[in-house]
Structures are given as structure tokens and as C-alpha cells.
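# Remarks on the overall topology
Now for the letters of each chain:
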Amino acid sequence: NYDKWCDGFDLLETLIVITEEIGSQYNDEHRPRAVAESDYVFEALITLHARMILTAKEILSLMKSGFADGAQARWRSLHEVAVTAAFIRKHGLKVALRYLRSYRVQSYKAIKQCNEYAKRADLEPFSDEEVKSSRLEYENIIKEYGEEMKTDYGWATSALNIKSPRLFDLEKSTGLDHWRPRYKWATHYIHPNYKPPSTYLGMVGTIEEGLIVGPSDAGFVDPAHQTAITLNIGTGALLHPHMRNDYLVLLPILTAISDEIGSVFSSVHRRDSNT
């Protein structure tokens, strides 16, 4: 698998390494200012960017191990993070603060659920004191920001003026809704919707019918190129407001590498199809 796709794998890894170095340098340069100015946009975006790098590494690892469908499913998460980053960059400080504060809301909901099923799930329940402390934080956030914070994307309500926003609403707001067909495609590898065995990425190019239950050396074109493009979207969201000349030079380079990744993986696929 590696011998077949090595040029593409190495190029994608190069893009990930460059992206990580950009994020690290950006964090070192701007964190002191961000802390002094309570720049919640910076804090939200730098953590999202780090999550994107981690997810991209997971995708690459899955591909090297022969799991194209798993990589495609993981790209779905990468897309969600990139859309969130682009949305926060567009809508600014108030939305970023709501996004950061939403953690406490989701944390309280998780604590309640854990305690509800603790006995049956053989989990250690949270103490009454821990529940009380978390509930107080939750109630304070709801009081300050409104009932909409109770939903998963409620932190985006004020910017969208929609009662219960969804990821699709964030996609439309950022102009990234054209990714929706690929996002829905990736969803098939997460949810138990029926898929004929021949439609799995790992079965691309196979002659005989079969049930895929392990690694293969096929189907990496789409998850690889999508990962490269989406990683660049998130990096662009991170760097936008403090663009220096060296950053301005880097972004077109990242785009060029992304284009090359698509070309390399596609050429390997075509060569394999013709043999």
C-alpha cells in the first residue's frame, strides 16, 4: 500500500507538517497579545487549528494502514472543525466567546447523562458537589446568553438569527455549503445506513463482489485531496487578520501543494485502473 501511494502520502504529510509549523509559529507570536487583549477569536481558532492538524494526522495514518473509508469518515470531522473556524473568523469576538463558553453547557449535559446511566454502564458517577458546581456554571451561561445555548450549535444563534442552527447553516454563512454532498457521502461511513459492498472506497477497482472487513490499497484519492483542501481552509481562517508578507507567501504555496496532492493521488488511481 505504501509503495503504491508513497508519493501522495509523503506529499500530504509534508502539507500537514508545514501547517503544524505555521500554527505553532502563529501561536508563539500572537498569544501574548491575545491574552492581554482577551482575544477570544484567537483562542477559539488556535485550538480548532490544532484539532485539525491532529485529525489530519489520524486520516493519514488510516490511509497508510489501508483504510480509505475510515479516512473519509474522519474527514467529516475535519470539515466540521474547518467550517466552525471559518464561521468564528467571519463573525468575530462575541461568537467566539459564546463558542468557548458552550463547553460548560455541553459538560453539564454530559455529567447528567453519565449519572443517569452510571449504574447500568458501570461508570463512577459524579458527586453531588460536582453536579451542583457544573449546574451553576450551566445556569449562569444560560442566564447570560439565552436559552439557545442549550443546543449543539446554539452559540451561533446570535450571528445567524436562527433558533436552532445546524452545521448546514454555518456552511451557508461561510460559503462552504458546496461541500455538503461530500459531507453527506462521508456520513455514510459513520451511520449504519445500508451501503452495497461494492460502493466502499476500499473496494474501488475490485472485479469480484465481496464484503470488505480489512485494509485495502484502493480508494484514497478523495479523502486525501479533501483533507488537503480542508486543512488549508482552516489555516486560512486562522491567519486572516494578522497577515504578514511571509504568511501571504505561504498560503498560495499550501494551495499549490494541495493541488499537487490531488494530481498525484489521481494519477496513481488512473495508473492502477489501466493495469
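A quick note: this is a predicted structure, and the numbers were derived from the prediction, not measured.

## Some thoughts on the layout of surface pockets
Over the atoms a probe the size of a water molecule is rolled, and this reveals where empty space is left. Roughly 420 Å³ of volume is contained in the largest pocket. If you trace the largest pocket, you find 15 residues lining it, with Leu 48, Arg 51, Thr 84, Tyr 99 and Trp 155 closest to the centre. Those elements that place two or more of their residues in the lining of the largest pocket are α2 (40–64), α3 (68–91) and α4 (93–121). Looking at the lining of the largest pocket, the element that brings in the most residues is α4, giving 5 residues. Looking at the lining of the largest pocket residue by residue, the class counts come to 7 nonpolar, 5 polar and 3 charged.

## Section: the side chain of Arg 76
One can find Arg 76 in helix α3. Apart from the residues lying within four places of it in its own chain, the contact partners of Arg 76 are Tyr 183, Ala 186, Thr 187, Ile 190 and His 191.

## What to know about the packing of aromatic side chains
Per the counting criterion, the structure on display carries 12 aromatic pairs. By the ring-pair criterion, three or more aromatic residues cluster together here, those being Tyr 2, Trp 5, Phe 9, Phe 220 and Phe 265. The side chain of Lys 195 reaches across the aromatic face of Tyr 200, ending 5.4 Å from its centre.

## Points about the side chain of Arg 98
In this fold, Arg 98 is placed in helix α4. For Arg 98, a relative accessible area of 14% puts it in the buried group. Among the polar contacts made by the side chain of Arg 98, one reaches the main-chain carbonyl oxygen of Tyr 145 at a distance of 3.3 Å. Apart from the residues lying within four places of it in its own chain, the contact partners of Arg 98 are Tyr 145, Glu 148, Met 149, Trp 155 and Ser 158.

## Remarks on unusual backbone geometry
Positioned with a positive phi, Ser 38 is a non-glycine residue whose angle comes to about 50 degrees. Although it is not a glycine, Asn 161 adopts a positive phi angle of roughly 55 degrees. Along the chain, Asn 161 falls in the loop between α6 (157–160) and α7 (167–174).

## Quick word on the pattern of salt bridges
Taken as a whole and judged by the stated rule, the model has 16 salt bridges. Between Arg 180 and Glu 171 there is a salt bridge whose closest N-O contact spans 2.7 Å. Of the two residues examined, Arg 180 and Glu 171, each falls in the buried class.

## Focus on the nonpolar core
Ranked by internal contacts, the top residues of the largest apolar core, which has 70 residues, are Met 63, Ile 88 and Trp 155. Excluding anything up to four places from it in sequence, Met 63 contacts Asn 1, Phe 9, Leu 12, Ala 71, Phe 220, Pro 223 and Ala 224.

## Here's the deal with the environment of Ala 44
Mapped onto the fold, Ala 44 is located in helix α2. When the C-alpha positions of Ala 44 and Ala 85 are compared, they lie 7.7 Å apart, and in sequence the two are 41 residues distant. In this structure, Ala 44 is in contact with Ile 88, Ala 96, Tyr 99 and Leu 100, ignoring residues within four places of it in sequence.

## Here we look at helix α8 (residues 180–187)
For α8, the complete set of buried residues consists of Arg 180, Tyr 183, Ala 186 and Thr 187. Projected onto a plane normal to the axis of α8, the buried residues spread over an arc of 120 degrees and lie on a single side. The elements touched by buried residues of α8 are α3 and α7.

Each value, and the rule that gives it
Residues numbered from 1 in each chain as written. Predicted model: local features only at pLDDT ≥ 70, side-chain atom pairs only at ≥ 80, totals over all residues. Heavy atoms only, no water. 1 Å grid on protein atoms, 1.4 Å probe; cavity = no way out; pocket = protein on both sides within 12 Å on 5 of 7 lines; lining within 4 Å. Points joined across faces, edges and corners; volume = space filled by probe spheres on them. Helix = DSSP H or I, 4+ residues; strand = E, 2+ residues; numbered from the N terminus. Nonpolar A, V, L, I, M, F, W, Y, C, P; charged D, E, K, R; others polar. Contact = heavy atoms within 4.5 Å. Phe/Tyr/Trp six-rings, centres within 6.5 Å; stacked < 30°, edge-to-face > 60°. Lys NZ or Arg CZ within 6 Å of the ring centre and 35° of its normal. Buried < 20%, exposed > 50% of the residue type's maximum accessible area, 1.4 Å probe, protein only. Polar contact = N/O pair within 3.5 Å; in protein donor to acceptor, adjacent residues only side chain to side chain. Salt bridge = Lys/Arg side-chain N within 4 Å of Asp/Glu carboxyl O. Core = buried A, V, L, I, M, F, W, Y, C linked by side-chain atoms within 4.5 Å. Arc of directions from axis to C-beta.

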